[in-house]
Amino acid sequence: MKTYQYDVVALGELLIDFTESGISEQGNPILEANPGGAPCNVLAMLAKLGHQTAFIGKVGNDMFGKQLRDTLVEAGIGTDGLLIDDAVHTTLAFVHTGVDGDRSFSFCRNPGADMMLVPEEVDTTMIQSSRIFHFGTLSMTHASCREATKKALSIARESGCIISFDPNLREPLWENLEQAKEQTLYGLSFCDVLKISDNEIRWLTGEQDYDKGVAWIRERFDIPFILVSLGKEGSMAYSKSGFASVPAFIRDDTIETTGAGDTFCGCILHSVLQYGLIDYTEKQLSNMLTFANAAASIITTRKGALRVMPEESEVLHVMQHGKALLNPNDENA
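Residues numbered from 1 in each chain as written. Predicted model: local features only at pLDDT ≥ 70, side-chain atom pairs only at ≥ 80, totals over all residues. Heavy atoms only, no water.

### Points about helix H7 (residues 210-220)
Of the residues making up H7, those classed as buried are Tyr210, Gly213, Val214, Trp216 and Ile217. The arc that holds the buried residues of H7, viewed along the axis, is 150°, so those residues lie on one side. Looking at H7, the residues exposed on the side facing more than 90 degrees away from the buried face are Lys212 and Glu219. On the buried face of H7, the contacting elements are helix H5 (177-188), strand E10 (193-197), helix H6 (198-205), strand E11 (225-229) and strand E12 (235-238). The N-cap of H7, judged by a side-chain oxygen 3.0 Å from the amide nitrogen of aspartate 211 a few residues on, is aspartate 209. (Buried < 20%, exposed > 50% of the residue type's maximum accessible area, 1.4 Å probe, protein only. Helix = DSSP H or I, 4+ residues; strand = E, 2+ residues; numbered from the N terminus. Arc of directions from axis to C-beta. Contact = heavy atoms within 4.5 Å. Polar contact = N/O pair within 3.5 Å; in protein donor to acceptor, adjacent residues only side chain to side chain.)

Structure (structure tokens):
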């Protein structure tokens, strides 16, 4: 029987999310430098749930790169695959939350260090030693990191990894949306677990109905497990013969939603690690979605998802009571 060093290895972007944190006395916006990047947010949630995780990617040799490396260590994410680029700075993202709660993104990434990963820098041993390999499309926006991602996917498939994919579309980072669609379709051709958001599935398939969108994907790709995240509307899950839809845990203390989808994805992969990639029943799917939705609701009340992922006790408390623990260490609250 094969032994694994890691439960999940992810490849992609590790960056600083500058999020709004009030207004200065001079009337200027105050921005907080939060460690971020979707793949590492997913790994941070998994690490909180007791899994062995590691990251493959690149940051700059600057103050933000050091902050990010230290944060991964703090979060319990393996850093053997994290490289430092002396020539290019760490990627920065600026997140603006509108009055309706929707987010918009601006990026300082022309280039950014995460784009500079090349195929020969991918640690093949890490992928071969992992049960799950997770990736998104931000590592496919430019030629060098795209080829590195494709190499990693080939290794993951050859090694028998379960391959998890979250497109995580960020339109400003693509030359055009046709290129984004092409690379998203490439990712779909490899994945076993797809986590896709409501706006992404509509963009990709042209279908407004989610069932029809999933059917469009399945007509083209053999993906056994598909999750559709719907924000305030909850989430849906499709196994080969099962289906479930679960409402969100609506909070009146939500600050912003950065990292909620990644938290959700981490919790789903936690369930896959527990039960394997099987044809889940409706009850199993409902339980998985409820846990993931509860965790995602907690992260909307905090800034900087990577460093503040919830404990399992907090998630279970929200599932039972519909609200967060005042003291995350008090499981009997």
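There's more to say after this.
### Side note on the environment of tryptophan 216
Relative to the helices and strands, tryptophan 216 resides in helix H7. As a C-alpha pair, tryptophan 216 and glutamate 158 span 58 residues in sequence and 27 Å in three-dimensional space. Residues contacting tryptophan 216, with those up to four places away along its chain left out, are Leu185, Leu204 and Thr205.

### Things to note about unusual backbone geometry
Generally, phi is negative for residues other than glycine and the peptide bonds are trans, each holding for most cases. Geometrically, the link from asparagine 110 to proline 111 is a cis peptide bond, its omega value of 0° lying close to zero. One can find proline 111 in the loop between strand E7 (103-108) and helix H3 (124-128). Although it is not a glycine, asparagine 168 adopts a positive phi angle of roughly 50°. Among the secondary structure elements, asparagine 168 is positioned in the loop between strand E9 (162-166) and H5.

### So, the sheet that holds strand E4 (residues 53-60)
Within the open sheet, the 9 strands sit side by side as E5-E4-E1-E8-E9-E10-E11-E12-E13. Their pairing is mixed. The strands lining the two open edges of the sheet, one partner per strand, are strand E5 (77-85) and strand E13 (243-246). Pairs of neighbouring strands in the sheet enclose a mean axial angle of 15°, with direction left out of account. Relative to E11, E10 runs parallel, the two being bridged by 5 bridges. Within E11, the residue paired with serine 197 across the bridge is serine 229. Strand contacts of H7: E10, E11, E12 and E13, with the helix running at about 35° to E12, the strand carrying the most contacts. Here helix H9 (residues 282-299) sits on the sheet in contact with E11, E12 and E13, set at roughly 30° to E13. (Pairing = 2+ DSSP bridges. Axes fitted to C-alpha atoms, helices over the stretch in contact; angles between N-to-C directions.)

### Quick look at H6
Looking at H6, one finds that the buried residues are Glu200, Ile201, Leu204 and Thr205. Considered in projection along H6, the buried side chains sweep an arc of 105° and stay on one side of the axis. Those residues of H6 hidden inside the fold are in contact with E9, H5, E10, H7 and E11. Glycine 206, located one to two residues past H6, shows a positive phi value of around 80°.

### Focus: the pairing of E5
One face of the sheet, then the other: side chains in a regular strand alternate in exactly this way. Where E4 and E5 come together, 7 bridges link them in parallel fashion. Of the residues in E5, the one forming a bridge with lysine 58 is leucine 83. Since E4 and E5 lie parallel, the crossover through helix H2 (residues 63-75) that links them has a hand, and here it is right-handed. (Right-handed = clockwise from strand over helix to strand, strands pointing away.)

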